[in-house]
Amino acid sequence: MNKILISTCLLALIGTPAIARKVEVVGDVAGTWHIEPNHNPRVGVPARTWVALTRRGGALVPLSQANCQMAVYSRPRRSGDQPILRPTVKAIAAERYQGIPGADITFPKVGLYQLQLSCSPETKGNFQPFQMQYDVTVAQ
């Protein structure tokens, strides 16, 4: 039984780097999450976090068209928990994306966290307000 558990854990660890990004679709907007470097944030080191927002059909939703806030919660998260961080969301350039929502997050300790991006349109009717979440593990 222990050999099976160890083998399963090793396979999961080997496969983990292959998961480059998380894509979440909420209503008429999709978000592609990324945390630098390589989705492996470290305690006390600022991690650039960004979300490429696109509409159905692939048109980019830049931060200039959205009012976005980010919140960081400890996991497990219970109803009523307050965020431990509220990083400032700013327009950044990352990879091929220009003006997308991003934030620098310095995680305070090792553990599991949930990032939440909440956005509403600058122009009413441009898209439906939404929230997206991303779970991340922070190592030493």
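1. Notes on the overall build of the protein chain
No. 1: When its secondary structure is counted, the protein chain shows 1 helix and 8 strands.
No. 2: When the helices and strands of the protein chain are listed from N to C terminus, the series reads α-β-β-β-β-β-β-β-β.
No. 3: Looking at the protein chain as a whole, 37% of its 140 residues are labelled buried.
No. 4: Once local pairs closer than 6 in sequence are excluded, the contacts in the protein chain between residues at least 24 apart make up 58%.
No. 5: Just so you have it, the protein chain exposes about 8400 Å², and 55% of that area is on carbon and sulfur atoms.

2. Details of the packing of aromatic side chains
No. 1: In the structure shown here, the tally under the stated rule is 4 aromatic pairs.
No. 2: Where Trp33 meets Tyr134, the ring centres are 5.4 Å apart and the plane angle is 10°; that geometry is what we call stacked. Of this pair, Trp33 sits in strand β2 (residues 29-35) while Tyr134 sits in strand β8 (residues 130-138), and the two are 101 residues apart along the sequence.
No. 3: What makes Tyr134 buried here is its relative accessible area of 9%.
No. 4: Judged by centre distance (5.7 Å) and plane angle (50°), the ring pair of Phe127 and Phe130 falls under tilted.
No. 5: The class for Phe130 is buried, based on a relative accessible area of 5%.
No. 6: Here Arg77 stacks its cationic end above the ring of Tyr73, 3.5 Å away from the centre of that ring.

3. Structural notes on the sheet that holds β8
No. 1: What the 3 strands build is an open sheet, ordered β4-β7-β8; its pairing is antiparallel. The open sheet has two edge strands with one neighbour each: β4 (66-74) and β8. Ignoring which end each strand starts from, the neighbouring axes of this sheet average 20° apart.
No. 2: With 9 bridges connecting them, strand β7 (residues 111-121) and β8 associate as antiparallel partners.

4. Regarding the sheet that holds strand β6 (residues 97-105)
No. 1: On the basis of which strands lie adjacent, the open sheet formed by 5 strands has the order β1-β2-β3-β6-β5 and antiparallel pairing. Of all strands in the sheet, those bounded by a partner on one side alone are β1 (22-26) and β5 (90-94). Averaged over all pairs of adjacent strands, the angle between strand axes in this sheet comes to 35°, irrespective of strand direction.
No. 2: Where β1 meets β2, 5 bridges bridge the pair, whose relative direction is antiparallel. Bridge pairing in β2 places Val25 opposite Ala30.

The rules behind each value
- Residues numbered from 1 in each chain as written.
- Predicted model: local features only at pLDDT ≥ 70, side-chain atom pairs only at ≥ 80, totals over all residues.
- Heavy atoms only, no water.
- Helix = DSSP H or I, 4+ residues; strand = E, 2+ residues; numbered from the N terminus.
- Buried < 20%, exposed > 50% of the residue type's maximum accessible area, 1.4 Å probe, protein only.
- Contact = heavy atoms within 4.5 Å.
- Areas by Shrake-Rupley, 256 points an atom, 1.4 Å probe, with all protein chains shown as cover.
- Phe/Tyr/Trp six-rings, centres within 6.5 Å; stacked < 30°, edge-to-face > 60°.
- Lys NZ or Arg CZ within 6 Å of the ring centre and 35° of its normal.
- Pairing = 2+ DSSP bridges.
- Axes fitted to C-alpha atoms, helices over the stretch in contact; angles between N-to-C directions.

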